[in-house]
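Per-entry structural report
Letter by letter, the chains look like this.
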Amino acid sequence: MLHVFVLDPFWFKPLPLTGYPKTGAVRCKFLHQCLEDLRVSLAAVGQYLCVLRGPTHDVFEALCARYTVATVFAFGEVCSQEQTVDRRVEQVCTAAGGTLRLLWGFALYHIDDVRALFNPHKPHSYRTYSAFRRPVQEQSTVRAECAPPRTWRPPPVPAATEPGAAPLPTDLGLAMGVGAAPPTDDRAPVAWVGGESAGLAWVHDYIWRREALARSYVGATNTMTKGKSAIGRDATSKISPWLAHGCVSPRRLFHEVERYEKKRAASKATGWIKHELVWRDYLRFAALAWGKELFAVDGIGGALRGRQWLGGGEAKALLRRWAEGKTGYPFVDCFMRELAATGYSTHCGRECACWFLVRDLGVDWRYGAEYFESILIDYEPTANWGNWVYRIASTTPPKLLAPQEETRSVEMLLWAGAHDPHAVHVRTWLPELACLPACLALEPWRLLARAEGVTTGPDGTPLLPPPPAWACDACTMLNAPEADRCDACDAAPPLVSNPDPNPDPNPHPHPHPPPPPHPHPHPHPHPHPHPH
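Residues numbered from 1 in each chain as written. Predicted model: local features only at pLDDT ≥ 70, side-chain atom pairs only at ≥ 80, totals over all residues. Heavy atoms only, no water.

1. Quick notes on the overall build of the protein chain
What counts, and what does not: Numbering of helices and strands runs from the N terminus, with a helix taken as a DSSP run of H or I at least four residues long and a strand as a DSSP run of E at least two residues long. Burial here depends on accessible area, computed with a 1.4 Å probe over protein chains only, as a share of the maximum for the residue type. Under 20% is buried, over 50% is exposed, and the range in between is partly exposed. By definition, residues are in contact when any of their heavy atoms lie within 4.5 Å. All accessible areas in this document rest on Shrake-Rupley with a 1.4 Å probe, and a residue is counted as covered only by the protein chains that are shown.
Each helix and strand in the protein chain was counted, giving 20 helices and six strands. Taking the principal axes of the C-alpha coordinates as reference, the protein chain spans close to 90 × 55 × 50 Å. A buried classification covers 52% of the 532 residues belonging to the protein chain. Considering only contacts within the protein chain whose residues lie at least 6 apart along the sequence, 74% involve residues at least 24 apart. Split by element, the accessible area of the protein chain, about 24,900 Å² in all, is 57% carbon and sulfur.

2. Considering the environment of threonine 236
With respect to the helices and strands, the residue threonine 236 is situated in the loop between helix H8 (212-216) and helix H9 (240-244). For threonine 236, a relative accessible area of 6% corresponds to the buried category. For the pair threonine 236 and tyrosine 206, spaced 30 residues apart in sequence, the C-alpha separation works out to 9.9 Å. With residues near it in sequence (within four places) discarded, threonine 236 still touches Tyr206, Tyr217, Gly219, Ala220, Ala230, Tyr344 and Thr346.

3. Comments concerning the nonpolar core
To keep it simple, the criterion reads: Among buried residues, those of type Ala, Val, Leu, Ile, Met, Phe, Trp, Tyr and Cys that are joined through side-chain atoms within 4.5 Å constitute a nonpolar core.
Counting residues in each nonpolar core, the largest one holds 114 residues, and the members touching the most others are Phe285, Trp322, Trp365 and Trp388. The element that contributes the greatest number of residues to this core is helix H11 (residues 268-290), accounting for 13 residues. Discounting residues that sit within four places of it in the chain, tryptophan 388 has contacts with Trp322, Cys354, Leu357, Val358, Trp365, Gly368, Ala369, Phe372 and Ala393. Cys50, Leu63, Val85 and Cys93 belong to the second largest nonpolar core, which has 14 residues in total.

4. Points about the environment of proline 462
In this fold, proline 462 is placed in the loop between helix H20 (445-451) and strand E5 (470-471). Considered as a pair, proline 462 and valine 45 are 417 residues apart in the sequence and their alpha carbons are 67 Å apart. If we ignore the near neighbours within four places in the chain, the residues touching proline 462 are Arg446, Thr455 and Thr456.

5. Some remarks on the packing of helix H5 (residues 129-139) against H11
Threshold: Here an axis means a line fitted to C-alpha atoms, over the contact stretch when the element is a helix, while the angle between two N-to-C directions is reported on a 0 to 180 degree scale. Two helices crossing with the near one rotated counterclockwise from the far one by less than a right angle form a left-handed crossing, whereas a clockwise rotation gives a right-handed crossing.
Running from N to C, H5 and H11 point in directions that differ by 115 degrees, and their axes come no closer than 10 Å. H5 and H11 meet at a crossing whose hand is right-handed. Contacts from Tyr129, Phe132, Arg133, Val136 and Gln137 of H5 reach H11 at His275, Val278, Trp279, Asp281, Tyr282 and Phe285.

6. Considering unusual backbone geometry
Here alanine 423, not a glycine, exhibits a phi torsion of approximately 60 degrees, which is positive. Structurally, alanine 423 is set in the loop between helix H17 (411-419) and helix H18 (424-429). A positive phi angle, near 70 degrees, is found at threonine 476, a position not held by glycine. You can see threonine 476 is positioned in the loop between E5 and strand E6 (478-479).

Okay, structure coming up:
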């Protein structure tokens with residue numbers, strides 16, 4: 001038995017629209033850790049991992065020439081590029097007298113169980129999420145995980161004589177030509193480490209040791225539950241990177257949650273995390289039916305046909321500012337900077353930033369999907385492209401936003417107040433706003449309006465908070481905001497006072513829209529042609 005992982009250059013090459021690598025340096029670092037952990041796990045049972053570089057079909061041609069290959073086992077894929085790789089490997093195996101056996105995996109429900117309910121290859125089965133969710137939840141069951149084998153067949157040759165068993169490069173990103181791995185950012189909510197060991201440890205810690213699922217979980221898609229922020233460290237499970245790399249199976253997570261429900265208690269949180277695993281399955285099964293439409297500019301069934309998008313150099317310039325977190329809209333920029341540094345941000349932040357890109361800047365949605373494909377450590381094609389085409393692009397109006405129009409992405413205003421009312425996340429990732437009180441860190445354009453003599457919004461609420469009292473550095477006396485000397489000791493006020501000494505628990509009740517974005521150099525933009 002030989003355990004093979006192929007580093008195919010195809011998965012690291014530049015993407016067609018944006019030029020970003022398909023797998024960027026951030027995800028390369030996580031992948032490297034996954035492979036090293038797998039190597040250790042296999043060594044514990046007398047096996048070794050064979051990591052080979054080159055086009056996948058060429059790698060298997062070389063393996064079939066070196067060994068007598070009877071059967072190659074792999075998970076079957078559901079997207080077009082991955083299926084092309086499967087077909088080419090099958091041709092190689094068949095020509096060498098072996099077989100390729102593709103197994104269903106990576107999903108919560110087994111395809112045979114779904115096939116008993118409806119045809120998983122027909123687009124009509126996925127016309128809505130509910131059309132999928134109801135039958136599978138009500139009429140199907142989640143199978144148990146397959147137990148690991150008790151005995152293993154020995155490797156064909158000792159590890160010392162198999163070139164693929166040699167140590168991996170120190171920096172996989174550099175080796176694959178996509179750049180050096182970035183250092184770990186201390187601001188990240190989790191110190192992401194790839195591999196099954198780290199993934200299972202996180203599941204145990206989150207569900208059992210800290211009981212964060214029961215105490216703190218809000219959910220990735222439960223974004224407008226009143227009084228509950230979806231961007232806190234434990235508000236979401238943070239398990240998606242390990243799910244995406246196959247380190248933890250969705251079945252393991254599902255059954256672990258059910259075990260918790262039996263031993264401790266069921267709750268809205270335990271039900272909601274299982275619901276989100278079903279949503280993940282919906283996108284994976286739907287990809288079987290949607291095919292290449294998942295990646296098409298006109299969307300699934302041509303649902304986006306006729307919409308105007310920006311493309312070409314203009315779209316790339318806007319995309320670059322968006323990706324670097326330099327749009328000028330704090331609740332967008334904080335998540336994009338977090339994403340660039342760590343490869344991860346919460347679902348709430350991603351949705352807000354994605355809607356801003358396509359609704360307000362008018363950029364072709366595929367540009368954003370390509371950037372996410374490159375940067376996300378939890379990238380998986382059906383989850384990424386499915387969310388973009390099904391949830392993001394489908395909400396865009398048919399025409400581009402004219403410069404004089406108001407913003408369409410109200411999430412960046414309303415969600416900022418709901419999920420980051422004290423601007424903790426904004427000020428963490430945008431240090432240039434750290435000196436401002438919460439309401440100004442979330443909406444810094446209020447300062448510009450005040451400079452122009454505007455003091456209240458259309459509803460009469462003040463644009464700026466009242467100035468705080470200041471504490472004397474010499475005697476600690478608290479003085480009125482307008483006082484120019486300390487009442488007790490006549491000392492001058494400090495040069496910089498605490499910008500937010502008594503944070504209002506609801507400092508942002510009336511968000512005021514900023515000046516509309518001006519992504520277009522002319523008042524009547526025309527869409528650019530887009531390559532397919």
